[in-house]
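Observations on the model geometry
Here is how the chains run, residue by residue.
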Amino acid sequence: MSSLAVRKAAPAAGTTPGTAQGPPLRRRIAFVPTLTLLLGALYCLLPVAWVLIAATKSGRELFSTFTFLPGSGFTQNVKDLNAYRDGIYWKWMGNSALYAGLGALLSTAVSALSGYALAIYRFRGRETVFGVLMAGVLMPPVILAIPQYLLLAKADLTDSYASVLLPLVLSPYGVYLARIYSSAAVPGDVVEAGRMDGASEWRIFTRIALPMMVPGLVTVFLFQFVAVWNNFLLPYIMLSDDEKFPITLGLFTLLEQGSNTPALYTLVITGALLAIIPLIALFLVIQRFWSLDLLSGAVKS
């Protein structure tokens, strides 16, 4: 019987009995996504860090000091930015707030109505309409900008606030998100129950479906707001009066003038830093509302 006894393998030299022999392969593989995310975060945050530090430098420090060494001219840069052309920078900021806020609100309303109709109602050509909208998602904005300019020029609307707002009302991607969220969040039985109770289609949409769609519509609003705030090509084509410029186009004109007047570079960098703050504030506010609404919806369900 002793010859049949199973002998325990002796531990390898330099190891402790009962311990794992090196890290598991699964742990090594799991580290790869984390490393990829860290590299992606570094790639995205490095330009923001550069703008944050460069905005603290005076014109002399900007070109003579180490890139990531903070300067001492931030306060003066803000004062110079306020004084430039009687504070036109804040006019550009107000224009961007108007374009992005009103444009995102109108786009969200249209997306909600369109997405709900495509998700709930059955009609001939529904999938064709949705396919055309999906083609619009794939269409580069540069292709649409010139036809939009020609159409608005025929209506004598170029170089006006409407020339920037009207093309932004319909967002194919917003309609797509609204349809997907409506299909998942608005049960067909609830809609049928409302009809049986005698409610009109508009009342069913506003009182029953719309509250269920709020988290998805908040996402649509946030995406559209950021897209309009960062939009450059459409205002560049439509507008000629710099009093109507958004912040992106206004900073671009400053940057062009900076090639002849290097002192304006500090104003461009400081203006770019201040232009980020409204987006960060909006994201933090909406994210909190979004999270609370999702949690409340989960509790109600």
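Calculation rules
- Residues numbered from 1 in each chain as written.
- Predicted model: local features only at pLDDT ≥ 70, side-chain atom pairs only at ≥ 80, totals over all residues.
- Heavy atoms only, no water.
- Helix = DSSP H or I, 4+ residues; strand = E, 2+ residues; numbered from the N terminus.
- Contact = heavy atoms within 4.5 Å.
- Areas by Shrake-Rupley, 256 points an atom, 1.4 Å probe, with all protein chains shown as cover.
- Expected span 1.5 Å × (residues − 1).
- Buried < 20%, exposed > 50% of the residue type's maximum accessible area, 1.4 Å probe, protein only.
- Phe/Tyr/Trp six-rings, centres within 6.5 Å; stacked < 30°, edge-to-face > 60°.
- Patch = residues over 30% accessible without salt bridge, like charges linked within 9 Å, V, L, I, M, F, W, Y side chains within 5 Å.
- Salt bridge = Lys/Arg side-chain N within 4 Å of Asp/Glu carboxyl O.
- 1 Å grid on protein atoms, 1.4 Å probe; cavity = no way out; pocket = protein on both sides within 12 Å on 5 of 7 lines; lining within 4 Å.
- Points joined across faces, edges and corners; volume = space filled by probe spheres on them.
- Nonpolar A, V, L, I, M, F, W, Y, C, P; charged D, E, K, R; others polar.
- Core = buried A, V, L, I, M, F, W, Y, C linked by side-chain atoms within 4.5 Å.
- Axes fitted to C-alpha atoms, helices over the stretch in contact; angles between N-to-C directions.
- Parallel < 35°, antiparallel > 145°, perpendicular 65-115°, else oblique.
- Left-handed = near helix turned anticlockwise from the far one by under 90°.
- Arc of directions from axis to C-beta.
- Lys, Arg positive; Asp, Glu negative; His and termini not counted.
- Polar contact = N/O pair within 3.5 Å; in protein donor to acceptor, adjacent residues only side chain to side chain.

Now for the overall build of the protein chain. Check the secondary structure of the protein chain and you find 13 helices and zero strands. Order of helices (α) and strands (β) in the protein chain, N terminus to C terminus: α-α-α-α-α-α-α-α-α-α-α-α-α. Partitioning the contacts of the protein chain with sequence separation of at least 6, the portion at a separation of at least 24 is 72%. Working note: accessible area of the protein chain is about 18,700 Å², and carbon and sulfur atoms make up 69% of it.

Moving on: helix α12 (residues 247-258). Structural remark: α-helix, 3.6 residues per turn; residues separated by three or four positions point the same way. Under the 1.5 Å per step criterion, the end-to-end length of α12 is 16 Å for 12 residues, consistent within 8% with the ideal 16 Å. Those residues of α12 not exposed but buried are Ile-247, Leu-249, Gly-250, Leu-251, Thr-253, Leu-254 and Gly-258.

Scanning all chains against the criterion turns up 15 aromatic pairs. On the basis of an interplanar angle of 45 degrees and a centroid distance of 5.7 Å, the ring pair of Tyr-99 and Tyr-161 is categorised as tilted. Highlighted residues: Tyr-99 in helix α4 (residues 88-120) and Tyr-161 in helix α7 (residues 161-165), separated in sequence by 62 residues. The class for Tyr-161 is partly exposed, based on a relative accessible area of 27%.

Let's shift gears to a nonpolar patch on the surface. On the surface, a nonpolar cluster with roughly 600 Å² of combined accessible area is contributed by Leu-42, Leu-46, Trp-50, Phe-66, Phe-68 and Leu-69. Mapped onto the secondary structure, Leu-69 falls in the loop between α2 (59-64) and α3 (74-83).

Turning our attention to the layout of surface pockets. The probe, sized like a water molecule, is rolled over the atoms to show the empty space still left. Space inside the largest pocket adds up to approximately 650 Å³. What lines the largest pocket is a set of 21 residues, among which Pro-141, Leu-144, Pro-167, Leu-170 and Pro-172 lie closest to the centre.

Counted under the stated rule, the structure contains one cavity of 30 Å³ or more. If you add up the space inside the largest cavity, you get close to 50 Å³. Counting residues per element, the ones that place at least two in the lining of the largest cavity are α4 and α10 (201-229). Looking at the lining of the largest cavity residue by residue, the classes come out as seven nonpolar, two polar and no charged.

So, on to the nonpolar core. Membership of the largest hydrophobic core comes to 35 residues, with the highest contact counts inside it found for Tyr-89, Trp-92, Phe-225, Trp-229, Ile-247 and Leu-254. Listed by contribution, the elements that provide at least two residues to this core are α4, α7, α10, α11 (233-238), α12 and α13 (264-300). No other element matches the eight residues that α13 contributes to this core. When neighbours within four sequence positions are excluded, Trp-229 is seen to be in contact with Met-93, Ser-96, Ala-97, Ala-100, Ile-247, Thr-248, Ala-275, Pro-278 and Leu-279.

Where helix α5 (residues 126-138) contacts helix α8 (residues 172-185), the axes come no closer than 8 Å and their chain directions differ by 130 degrees. As summarised for this structure, α5 and α8 are arranged oblique, according to the angle between their axes. Here α5 runs over α8; the crossing is left-handed. Each of Arg-126, Glu-127, Phe-130, Leu-133, Met-134, Gly-136 and Val-137 in α5 lies in contact with α8, whose residues at this interface are Pro-172, Tyr-173, Val-175, Tyr-176 and Arg-179. Taken together, the residues of the contact of α5 with α8 sort by class into eight nonpolar, one polar and three charged.

When the terminal C-alpha atoms of α8 are compared, their 20 Å separation across 14 residues agrees well with the 20 Å that a helix rising 1.5 Å per residue should span. Among all positions in α8, only Gly-174, Val-175, Ala-178, Arg-179 and Ser-182 are buried. All buried residues of α8 fall inside an arc of 135 degrees around its axis, so they share one side.

What follows is about the packing of α4 against α8. For the pair α4 and α8, the least separation of the axes is 7 Å and the interaxial angle reads 50 degrees. In terms of axis orientation, α4 runs oblique to α8. Handedness of the α4/α8 crossing: right-handed. Listed contacts from α8 to Ser-111, Ala-112, Ser-114, Gly-115, Tyr-116, Leu-118 and Ala-119 of α4 are Gly-174, Val-175, Ala-178, Arg-179, Ser-182 and Ser-183. Split by residue class, the contact of α4 with α8 holds six nonpolar, six polar and one charged.

Here we take up the side chain of Glu-61. Note on placement: Glu-61 falls in helix α2. Arg-60 provides the closest opposite charge to the buried, unpaired Glu-61, separated from it by 4.5 Å. Here Ser-72 takes part through its side chain, which lies 3.1 Å from a polar atom of the side chain of Glu-61. Setting aside residues no more than four positions away along its own chain, Glu-61 makes contact with Thr-56, Gly-71, Ser-72 and Gly-73.

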